[in-house]
Each structure stands twice: as C-alpha cells, then as structure tokens.
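Okay, here's what each chain looks like letter by letter:
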Amino acid sequence: MKIAIIGTGNLGKSIAKGLITSNAITTLYLTKRNLDAIQEFDGYQNVYLTSNNAEAVKQSDIIIFAVQPAHFETILRDIKPLLTEKHVLISTITGFLIPKMEAIVGSDQFIIRAMPNTAIAVGKSITCLCSNEKGAERIKIAEAIFNRLGTSIAIPEKQMQAATVVCASGIAFWMRLIRATTQAAIQLGFEAETAQDLAMHTCEGAASLLIATGNHPEQEIDKVTTPKGCTIEGLNEMEHKGLSSSLIQGMVTSFNKINTIKTEQL
Ligand SMILES: NC(=O)C1=CN([C@@H]2O[C@H](COP(=O)(O)OP(=O)(O)OC[C@H]3O[C@@H](n4cnc5c(N)ncnc54)[C@H](OP(=O)(O)O)[C@@H]3O)[C@@H](O)[C@H]2O)C=CC1
Ligand SMILES: O=C(O)[C@@H]1CCC=N1
C-alpha cells in the first residue's frame, strides 16, 4: 500500500511506527513542516520524509491526515486539485465532520474518518471507523490497515466524538490509573520499577480476561472478592471516595469539551 501521513506528530508517528513494524507499506510518505522531530524514521526503506504535502499526495493512494483540527481545512483546500480517483482520504482529526470535508473536496471522494489511539504504535489500537457514502466502497481498505494495527470497529459518525473520548483520550485515562496503582504499590513497599511492572501487567491481565471470555467485569470481580476479605474492603473504600463517579464525570466533561474545539484557523 502506498500511504501518506499528513502531519507526523504524536499520533502520526504512532501510526507510522505501527505501519513500519507490521510491514503494511509499499511506500510511506511522512509529512511535517519541521522535519527535525521525525528523523528517527530516516533511513527506513521506502519511507520518505518531506515538508511537501503535494508530493506526498501525488505519490500515495491512501492519505491519512493527523494534523491539529485548526490546520486541516487549509491543507484539504491545498491538496484538493491533486486528488484523483485512486485516493482514499482517512481523517483522524477530532471534531471535523464528514459533511465539512465533503464541502471542501467534494462528496465524490472516498472519505473515511478513523479514530485510533497511540497504542497503534504497538499494534494494539482499537480504531473506530465511519465513512461518507462513496467511502463505504473503500472501508474494507481502512479495516485492513487498522486491523493489522489492532482492532477496528465501524460506528455511525454521530458516535465519533464519544469514541474519541473512550478510545483516544482513553489511553491517557488508563495511564493515570496505572500510575496511581504504581504509586500505591510503592507505598506498599515495592521499588518503583517493580511497582510499575506489577501495575501494568495486572492491568493487561484484567483486560485480557474480559477480551478472552467476553465476561462482564463484575463476574471477574466476584471471583476475586473473598467475603470479608481485603479486596472488597479496598473496592468499597475506592467507591466511597468516588472512583467510578469521578471517571464517568471526567469522561463526560471530556466529551463536552470536544464540541468547543476549534476546527477553523484562529
Ligand atoms: N494524539 C492522540 O492520541 C490522538 C490525536 N487525534 C487527532 O489527531 C490529530 C493530531 O494530533 P496529535 O498527533 O496529538 O497532534 P500533534 O500536534 O502532535 O501533530 C500534528 C502534526 O502536524 C504537523 N503539521 C502542522 N501543520 C502541517 C502542515 N501544513 N503540513 C504537514 N504537517 C503539519 C505538525 O508539525 P509541524 O508543526 O512541524 O508541521 C505536528 O507534528 C488531531 O486532530 C487530534 O485530534 C486523534 C486520536 C488520538
Ligand atoms: O486531546 C485531544 O484533543 C486529542 C483527541 C484525542 C486525543 N487527543
């Protein structure tokens, strides 16, 4: 596959790492105005670094956009004259809706929105996908790419904002939980490095149990909570202090913020 990533920042670099590691590319163009921060990709076979978005678009079939929302409209307008029937446009941009993209490049383009997360760098992203009517003809291509880099799921566009919070911002939320359990492990007597190992592998184990069994979390909790034991005592104390409530409220606050993110140049 001939892929270009327009805007190789935090997310773009993560996608690039995943694509390179999984051998998913024929050629990969990575663009950015200042190339200093992506020199780590210099020297990979068939990977090209450039500040020239037009060149990247001309040389590629699949164009993945990963710029900040306020930069996207100008870039789309700039590349519009270069688009041909070979191009599939995949936007990861938060809050930039398909009708707005169609208004710029036309509804006859294959347009797909993808919401991955930074775990795509290690092939573990859950990526939500939706498309315009024309893009539905190419959604299998997007699924093929993102399934190589984790798991993909098709959702209606109206759920894309919620998916951004749950899956993309979700990485940050889970990191904070892992950090907190690490801090607790240190207080309980482990060295910092060991504490983090214990916290992150326990987190991985918990998620893996649910993925493997399809069980509800409470079924797995029931297996751990000995009556009058230490687990239920700890869990109930966390809930008295508002654990579930603060997570839910934080995610709803994050969701409400999305609608205020500027997608136009200031
Ligand atoms: N970070 C994440 O976990 C996720 C982010 N997203 C979405 O992905 C997008 C990118 O986010 P993120 O990676 O965090 O942002 P970054 O700011 O880290 O990356 C954006 C990159 O775009 C580059 N850029 C800006 N203007 C241009 C241009 N004209 N041509 C080419 N490159 C350009 C910038 O580099 P330079 O200034 O050198 O050009 C920068 O490196 C956002 O819209 C965000 O909502 C979605 C899911 C997850
Ligand atoms: O924080 C943000 O706005 C972006 C969207 C999801 C992850 N990063």
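Residues numbered from 1 in each chain as written. Chains lettered and ligands numbered in written order. Predicted model: local features only at pLDDT ≥ 70, side-chain atom pairs only at ≥ 80, totals over all residues. Heavy atoms only, no water.

Q: Report on the layout of surface pockets, specifying residues and quantitative values.
A: In this structure, the second largest pocket occupies an estimated 1000 Å³ of space. Around the second largest pocket, the lining comprises 38 residues; the ones closest to its centre are L11, A66, V67, Q68 and P69. Elements supplying a minimum of two residues to the lining of the second largest pocket: α1 (10-21), α3 (69-79), α6 (160-187) and α10 (243-258). With six residues, α3 is the largest single contributor of residues to the lining of the second largest pocket. Inspection of the lining of the second largest pocket shows a minimum of three residues originating in each of domain 1 (2-155) and domain 2 (164-265). (1 Å grid on protein atoms, 1.4 Å probe; cavity = no way out; pocket = protein on both sides within 12 Å on 5 of 7 lines; lining within 4 Å. Points joined across faces, edges and corners; volume = space filled by probe spheres on them. Helix = DSSP H or I, 4+ residues; strand = E, 2+ residues; numbered from the N terminus. Domains from an automatic or database assignment.)

Q: Give a description of the UniProt feature "binding site: NADP(+)" (unreviewed entry) in the chain that names residues and reports values.
A: In the numbering adopted here, UniProt assigns the feature "binding site: NADP(+)" (unreviewed entry) to I6, G7, T8, G9, N10, L11, A66, V67, Q68 and P69. Over a stretch of 64 residues, the named residues converge on one spot in the fold, their C-alpha atoms separated by at most 13.9 Å. The annotated residues that sit in the lining of the second largest pocket are I6, G7, T8, G9, N10, L11, A66, V67, Q68 and P69. If you trace the backbone, I6 turns up in strand β1 (residues 2-6). Setting aside its immediate chain neighbours within four residues, I6 contacts T31, N53, A56, V57, I63, I64, F65, A66, V67 and I75. Within the secondary structure, G9 sits in the loop between β1 and α1. (UniProt positions renumbered as here; feature names shortened; annotations may be inferred. Contact = heavy atoms within 4.5 Å.)

Q: Outline the site of ligand 2, listing residues and values.
A: Lining the immediate environment of ligand 2, one finds T94, T164, A168 and S169. Mapping ligand 2 onto the cavity grids shows that it belongs to the second largest pocket. Looking at the shell around ligand 2 residue by residue, the class counts come to one nonpolar, three polar and no charged. (Near = heavy atom within 4 Å. Sits in = over half its atoms within 2 Å of the grid points. Nonpolar A, V, L, I, M, F, W, Y, C, P; charged D, E, K, R; others polar.)

Q: Before we move on, can you summarise the sheet that holds strand β5 (residues 88-91) with the specific residues and values?
A: With mixed pairing, eight strands are arranged side by side in an open sheet as β3-β2-β1-β4-β5-β6-β7-β8. Each edge of the open sheet carries a strand with a single partner, namely β3 (47-50) and β8 (150-154). Between one strand axis and the next, the sheet turns by 20 degrees as a mean value, whatever way the strands run. Here α3 sits on the sheet in contact with β1, β4 (62-65) and β5, set at roughly 160 degrees to β4. (Pairing = 2+ DSSP bridges. Axes fitted to C-alpha atoms, helices over the stretch in contact; angles between N-to-C directions.)

Q: So what's going on with unusual backbone geometry? Which residues, and what values?
A: Of note, the phi angle at N23 is positive, near 55 degrees, even though the residue is not glycine. Take N23: it is sitting in the loop between α1 and β2 (27-31). Owing to a relative accessible area of 63%, N23 belongs among the exposed residues under this scheme. Phi angles above zero are rare outside glycine, and K228 is one such case at about 65 degrees. (Buried < 20%, exposed > 50% of the residue type's maximum accessible area, 1.4 Å probe, protein only.)

Q: Can you break down the site of ligand 1 residue by residue, with the values?
A: With respect to spatial proximity, 23 residues lie near ligand 1, and among them L11, K32, R33, V67 and T94 are the closest. Contact distances for ligand 1 include 2.7 Å between an oxygen atom and a side-chain N or O atom of K32. The contact in question runs from an oxygen atom of ligand 1 to an N or O atom on the backbone of R33, over 2.7 Å. Across the complex, the protein chains shield 81% of the 890 Å² of accessible surface that ligand 1 would expose by itself. Secondary-structure elements contributing two or more residues to the shell around ligand 1 are α1 and α3. The biggest single contributor to the shell around ligand 1 is α3, with three residues. The class makeup of the residues in the shell around ligand 1 is nine nonpolar, 12 polar and two charged. (Polar contact = N/O pair within 3.5 Å; in protein donor to acceptor, adjacent residues only side chain to side chain. Areas by Shrake-Rupley, 256 points an atom, 1.4 Å probe, with all protein chains shown as cover.)

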